[in-house]
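So the chains spell out like this:
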Amino acid sequence: MDYQILVDSCGDFSEKMKLSDNIVPIALKIQIDGEELTDDETLDISVFMEKLEHSVNCPHSSCPSPAQYIEGYDKAAERIYIVTGSSSLTGSYNSACLARDMLKEENPKAQICVVDSKTASAGQALLTMKIIEWEESRLDFLGIRQKITEYRKQIKTRFVLENLKMLEKSGRLSGLKAKVAQALHILPVLEATPEGTIGQSGQARGMKKALSVLKRQIVEDCGNRMPDRLVISQCGCPERALDLKNKIQEKYPDLEILILPTKGISSMYAGSGGIVVAY
């Protein structure tokens, strides 16, 4: 095996990523009402979302241990990339760095790149897809590391959430603001900041208008830099994601657009009906 990419479950996975022998998912854990769930292929997202809806407590997630990354490592791989969710939102990046240092002690010549994606969900998937492309193009390791740094700065991650409960419970949206937003059905249009935190780029009353704002922002961004791929992650709303895809492709018919289902962590924060777009 020439290369291996370890990706934590803050990111969503395309079918190609799921089927690739070069991709190793590293699962986070989710604690909800005294139960611990593993964010891997065994997690039934529909059942999980129902638990989340009826929970009166705030669920928590725990990042992978360094041992999980080390266990996922294939010594036959010549180059290792570890792609984590934003270090501003999860401890997964720090854990991956510890794993890298431990592996380096064992094998000082190992080529290991730990990537703080500064994003999650669709954005993390997008970055992983690019690493696959660069590897399949036979670029050298140092060249790919440089491209990762440059590409990460370009990625735009924008999202609209219909359910603000998790943001309120986790302290990312004040209780008063959340209640007013829910009462008036005002939805914020959110984005990943360059630092990997969450910022607000707009708002609208109702999901339909919020998605229109989102589409307008995408068009404005594409006017400055046309991406070669756009990823839409959806939480239990494939029809909504497809409608957004079709509207974007009316403007950019040659743009490759993929629709992915959210995994456990991104489902927990996006909530039912949430849409995350990265490009």
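Quick caveat: nothing in here was measured; it's all calculated off a predicted structure.

1. What about the packing of helix H5 (residues 121–136) against helix H6 (residues 141–154)?
Between H5 and H6, the least distance of the axes is 11 Å, while the angle of their chain directions is 150 degrees. Viewed along their axes, H5 and H6 adopt a mutual orientation that is roughly antiparallel. Considering the relative orientation of H5 and H6, their crossing is right-handed. Contact residues: Leu126, Leu127, Lys130, Ile131, Trp134 and Glu135 in H5; Ile144, Lys147, Ile148 and Tyr151 in H6. A per-class count over the contact of H5 with H6 returns seven nonpolar, no polar and three charged.

2. A look at the side chain of Ser121
Note on placement: Ser121 falls in helix H5. Of note is the side chain of Ser121, whose polar atom sits 2.6 Å from the side chain of Asp12.

3. Quick word on the sheet that holds strand E7 (residues 111–116)
Across the sheet, which stays open at both edges, the four strands sit in the order E2-E1-E6-E7 with parallel pairing between neighbours. With one partner strand each, in any of the chains shown, strand E2 (23–26) and E7 form the two edges of the open sheet. Sheet twist, expressed as the mean angle between neighbouring strand axes with direction ignored, is 15 degrees. Two strands pair when backbone bridges link them, and strand E6 (residues 79–84) and E7 are joined in this way by six bridges, in the parallel orientation. Residue pairing in the sheet places Ile80 in a bridge with Ile112 of E7. Along the sheet, helix H4 (residues 92–106) contacts strand E1 (3–8), E6 and E7; its crossing angle with E7, the most-contacted strand, is approximately 170 degrees. Set on the sheet, H5 makes contact with E1, E2, E6 and E7; between it and E1 the angle comes to about 180 degrees.

Cut-offs used in this document
Residues numbered from 1 in each chain as written. Predicted model: local features only at pLDDT ≥ 70, side-chain atom pairs only at ≥ 80, totals over all residues. Heavy atoms only, no water. Axes fitted to C-alpha atoms, helices over the stretch in contact; angles between N-to-C directions. Helix = DSSP H or I, 4+ residues; strand = E, 2+ residues; numbered from the N terminus. Parallel < 35°, antiparallel > 145°, perpendicular 65-115°, else oblique. Left-handed = near helix turned anticlockwise from the far one by under 90°. Contact = heavy atoms within 4.5 Å. Nonpolar A, V, L, I, M, F, W, Y, C, P; charged D, E, K, R; others polar. Polar contact = N/O pair within 3.5 Å; in protein donor to acceptor, adjacent residues only side chain to side chain. Pairing = 2+ DSSP bridges.

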